[in-house]
Amino acid sequence: MNKLPFYHTGQVAAARLGIGGPVGSGKTAMIERLIPALLTGGVDIAVITNDLVTAEDAVRLRRSGLIDPARVSAVEAGACPHTVIREDPTLNIEAAAELERRFPGVELILIESGGDNLASTFSRDLTDFWMFVVDVAGGDDIPRKRGPGVIRADVLVINKTDLAPHVGVDLDRMHREAVAVREGRPVLMTNCRSGEGIDLLVDLIEREVLFRR
Ligand SMILES: Nc1nc2c(ncn2[C@@H]2O[C@H](COP(=O)(O)OP(=O)(O)OP(=O)(O)O)[C@@H](O)[C@H]2O)c(=O)[nH]1
């Protein structure tokens with residue numbers, strides 16, 4: 001196998017897209033929606049998942065039938081999830097390089113962080129672009145709390161919009177308050193149950209990450 005890094009092989013590096021957010025906000029569900037949408041758009045993709053001490057999310061994606069299981073790599077953080085996406089992203093950088101070696105045409109690598117707190121962010125050494133996924137059921141006060149993930153992510157995604165009536169959340173207000181703390185950076189709303197909003201997210205990825213439009 002060719003063990004040289006991509007910059008010695010003439011191969012163009014794949015874009016790295018980080019997906020972070022609190023536990024259970026719908027990061028894996030988002031990836032399950034993004035995979036078919038991106039594949040339909042002709043994007044050559046691979047995925048890295050980060051879990052604490054298991055490969056649970058990777059196993060779920062490998063079994064989903066949505067993507068070649070060999071294109072899903074698992075990193076076991078063994079510590080707070082942000083450690084391996086921010087403080088020392090070596091394991092993730094190596095996993096991405098390995099996917100590029102094995103799949104030379106890969107254009108986009110989705111890197112899912114383990115569920116974390118509102119302060120988690122991705123290192124720019126690891127990702128070209130990163131999204132932070134929060135969910136309606138986590139509370140409409142989350143944007144007002146101004147955590148670094150909410151404020152600094154390249155795109156903030158508010159997921160589980162279908163649950164708003166069940167948890168008493170005013171979606172327009174939650175969106176307005178998120179926009180207000182993000183100084184012009186985008187805020188999207190999704191429902192991963194139905195797929196609503198995923199088209200806008202894919203448009204954004206194709207435009208801002210893959211420079212296709
Ligand atoms: N109603 C509703 N449920 C959702 C939505 N997105 C995800 N879920 C559900 O929320 C739960 C958590 O979703 P996951 O995709 O596992 O969340 P995660 O962020 O990957 O979770 P961790 O990796 O454990 O942090 C699952 O039961 C999903 O089916 C949504 O848009 N609407």
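Residues numbered from 1 in each chain as written. Predicted model: local features only at pLDDT ≥ 70, side-chain atom pairs only at ≥ 80, totals over all residues.

1. Overview of helix α3 (residues 56-63)
Stated formally: With C-beta atoms placed from the backbone, a residue counts as buried when 20 or more other C-beta atoms lie within 10 Å of its own, as exposed when 12 or fewer do, and as partly exposed for counts between those limits. Put simply, DSSP marks the helices as runs of H or I at least four residues long and the strands as runs of E at least two long, and each gets a number from the N terminus on. By arc we mean the arc of the directions from the helix axis to the C-beta atoms, nothing more. Throughout, a pair of residues is in contact if the C-beta atoms placed from their backbones lie within 7 Å.
Turning to α3, its buried residues are D57, A58 and L61. Down the axis, α3 shows its buried residues gathered within 100° of arc, on one side only. As for α3, its buried residues are in contact with α2 (27-40), β2 (45-51), β3 (72-76) and β4 (108-112). The positive-phi residue at the C-terminal boundary of α3 is G65, with phi of around 80°.

2. A word on the UniProt feature "domain: CobW/HypB/UreG nucleotide-binding" (unreviewed entry) in the protein chain
Put simply, the rule is: UniProt positions are given in the numbering used here, feature names are shortened, and annotations may be inferred rather than shown by experiment.
Here the UniProt feature "domain: CobW/HypB/UreG nucleotide-binding" (unreviewed entry) sits at residues 17-188. Strand forms 20% of residues 17-188 and helix 36%; the C-alpha atoms that close the span are 16 Å apart.

3. A word on the UniProt feature "binding site: GTP" (unreviewed entry) in the protein chain
Cross-referencing UniProt, the feature "binding site: GTP" (unreviewed entry) maps to G21, P22, V23, G24, S25, G26, K27 and T28 in the present numbering. Looking at the secondary structure, you find K27 in helix α2. Ignoring any residue separated from it by four or fewer positions in sequence, one finds K27 in contact with I19, G21, E112 and V133. Assignment of secondary structure puts T28 in helix α2. Assessed through the 22 C-beta atoms surrounding it within 10 Å, T28 is described here as buried.

4. Quick word on the pairing of strand β5 (residues 129-135)
Rules: The criterion for strand pairing is that DSSP finds at least two bridges linking the strands in question.
Burial analysis of β5 places 6 of its 7 residues in the buried class, which makes it a mostly covered element. As judged from the 4 bridges shared by strand β1 (residues 15-20) and β5, these two strands associate in the parallel manner. Of the residues in β5, the one forming a bridge with L17 is F129. In this sheet, strand β6 (residues 155-159) lies alongside β5 in parallel orientation, the contact comprising 5 bridges. If you follow V134 over to β6, its bridge partner there is I158.

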